[in-house]
Amino acid sequence: MARFIVITSGKGGVGKTTCTANLGMALAKRGRRVAVVDADFGLRNLDLLLGLENRIVYTAVEVLSGQCRLEQALVKDKRHSNLALLPAAQNRTKDAVTPEQMRKLVSALGQSHDYVLIDSPAGIEMGFQNAISGAKEALIVTTPEISAVRDADRVVGLLEANNIRKIDLVVNRIRPAMVKANDMMSVSDVQEILAVPLLGIIPDDERVIVSTNKGEPLVLSETPSLAGTAYDNIARRLEGEKVPLMDLTANNSLISRLRKLFSTKIG
Amino acid sequence: MLAELFSKLFPQWRHDSSRDTVKRRLHLVLKHDRIDLTPSMVEQMQQEILNVISRYVEVDTDSLEFSLANTQRTTSLVANVPIRRVRSDLEREEPSGEGSAQFLEELVANELEQRTREGSVAQVEVIEESANLDASRPSPSSES
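Note that the coordinates shown come from a computational prediction; the quantities given were computed from them, not determined experimentally. (Residues numbered from 1 in each chain as written. Chains lettered and ligands numbered in written order. Predicted model: local features only at pLDDT ≥ 70, side-chain atom pairs only at ≥ 80, totals over all residues. Heavy atoms only, no water.)

### A closer look at the interface of chain A and chain B
Working step 1: Each partner contributes residues to the interface: chain A has 17 residues there, and chain B has 14 residues.
Working step 2: In total, chain A and chain B occlude about 1400 Å² of area from one another, counting both sides; carbon and sulfur atoms represent 55% of this.
Working step 3: Summed over the three residues of chain A that lose the most area to chain B, namely I146, R150 and I193 of chain A, the buried surface amounts to 37% of that side.
Working step 4: At the boundary of chain A and chain B, one finds 4 salt bridges. (Contact = heavy atoms within 4.5 Å. Buried area = accessible area lost by both parts, 1.4 Å probe. Salt bridge = Lys/Arg side-chain N within 4 Å of Asp/Glu carboxyl O.)

### As for the sheet that holds strand β5 (residues 115–119) of chain A
All names here are of chain A.
Working step 1: Strand order in the open sheet formed by 8 strands is β3-β4-β2-β5-β1-β6-β7-β8, and the pairing between neighbours is mixed. Each end of this open sheet is capped by a strand with a single partner; those strands are β3 (75–76) and β8 (198–203).
Working step 2: Sheet analysis places strand β7 (residues 166–174) next to β8, joined by 5 bridges and oriented parallel. Of the residues in β8, the one forming a bridge with V170 is G200.
Working step 3: Running at roughly 165° to β5, helix α1 (residues 16–29) makes contact with β1 (3–8), β2 (34–38), β4 (83–86), β5 and β6 (137–142) of the sheet.
Working step 4: Here helix α11 (residues 226–238) sits on the sheet and contacts β1, β5, β7 and β8; the angle it forms with β8, its principal contact strand, is near 170°. (Pairing = 2+ DSSP bridges. Helix = DSSP H or I, 4+ residues; strand = E, 2+ residues; numbered from the N terminus. Axes fitted to C-alpha atoms, helices over the stretch in contact; angles between N-to-C directions.)

### Some points on helix α9 (residues 187–194) of chain A
Two residues of an α-helix separated by three or four positions point the same way, owing to the 3.6 residues in each turn.
Working step 1: Within α9 of chain A, burial applies to V187, D189, V190, I193 and L194 of chain A. When α9 of chain A is viewed along its axis, its buried side chains cluster within an angular range of 165° and face the same direction.
Working step 2: Elements in contact with the buried residues of α9 of chain A: β6, α7 (146–161), β7 and β8 of chain A together with α2 (18–35) of chain B.
Working step 3: A positive backbone phi angle near 55° is found at A195 of chain A, which sits one or two residues after α9 of chain A. (Buried < 20%, exposed > 50% of the residue type's maximum accessible area, 1.4 Å probe, protein only. Arc of directions from axis to C-beta.)

### Examining the nonpolar core
A general trend in soluble globular proteins is that nonpolar side chains are found buried together.
Residues and elements named next belong to chain A.
Working step 1: In this structure, L86, I118 and L159 are the most contacted members of the largest nonpolar core, which totals 55 residues.
Working step 2: Per-element accounting of this core gives the leading share, 6 residues, to α7.
Working step 3: Setting aside chain neighbours within four positions, we find L86 in contact with V36, V37, D38, A60, L70, A73, L74, L105 and L109. (Core = buried A, V, L, I, M, F, W, Y, C linked by side-chain atoms within 4.5 Å.)

### Some words on the pairing of β2 of chain A
Residue and element names in this part refer to chain A.
Working step 1: Of all 5 residues making up β2, 5 are buried, and the element is well covered by its neighbours.
Working step 2: Both β2 and β4 contribute to a ladder of 4 bridges, which runs parallel. From the neighbouring strand, A35 faces β4, where its bridge partner is A84.
Working step 3: In terms of strand pairing, β2 meets β5 through 5 bridges, oriented parallel. Considered in β5, the bridge of A35 is made with V116.

If you want it as structure tokens, here you go:
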């Protein structure tokens, strides 16, 4: 039985696409068959985050118009072939598809995948409606900033109104030092306000930008990163594993890194 | 650094951190966002509730409290209405009595003030109209 999860936020730029790319890849690493769907018609970016932008031949629009089969449009990742991307059309807008069409596409993908992750566009208009139409679960991504939280709250309300009850929260770009200085809301501040169960925390990490530059999801990096580990943890939690939240206040100094190195089990 | 030291010695004088401020602002804004009512709609609702209650009891308008409360994801309108006395049957049967006409005029004045502040002029006329209608009905007791 496939899981259909929409990754949404309301606010733009909080990390939905980054989350979809990394979560998709993290799940694929663990052997799951994952389809990631870019629902951002006209402003697609999931292809960039995965580094698959040169391999797009057909998009969801061509599948829906019958120009090609679904399998022909799916772009299989070269690093992990059990991850596939259904690209969005770049030369159209959000009205190029209807919710009913999206539902059919997503449902078809569910026949041959364990996870169908739908990357929602920002906003609450047609693009959002399309993105949620095939979903049974939702991940709300927010940053600990006032606009993002307000928008996330609205989206939670809309999801509930559209009968998506399984909603989990991901708080992205948290800066522990700022939280400590009382200049940023903490994860529990945000979680209390939104009153939605917390799935994971992702710290603000410069390496995310580097990974985007290269088109290589951070979870694939050879050297572990805070954000990459966070995404891996979220994937594990999605799979039902109980993973404690990362201690972000831990010092990242040389001494503590050496200490961690010596205490990490090999194999 | 000196400011930090000062705020540590005298914690009650530390001004709100921006974190406290943002939480406060979010709570307020979400209370209103969640019930999808504009502040002027809430205000109007309160006035009308007050009208109805005032038909039965005399209300202490100074210590009247209306507020929105947030629990989990639902918002409730909470009204704390102190009652001075219960209106007699006679008062209740004659809705256009002297007391209620005055009360209505006060309400209109408040409403006008409120609406001019918010710029919603259209609704002001409706209220004025109903106030005029009531005022033109003959009142049982004479005003001198």
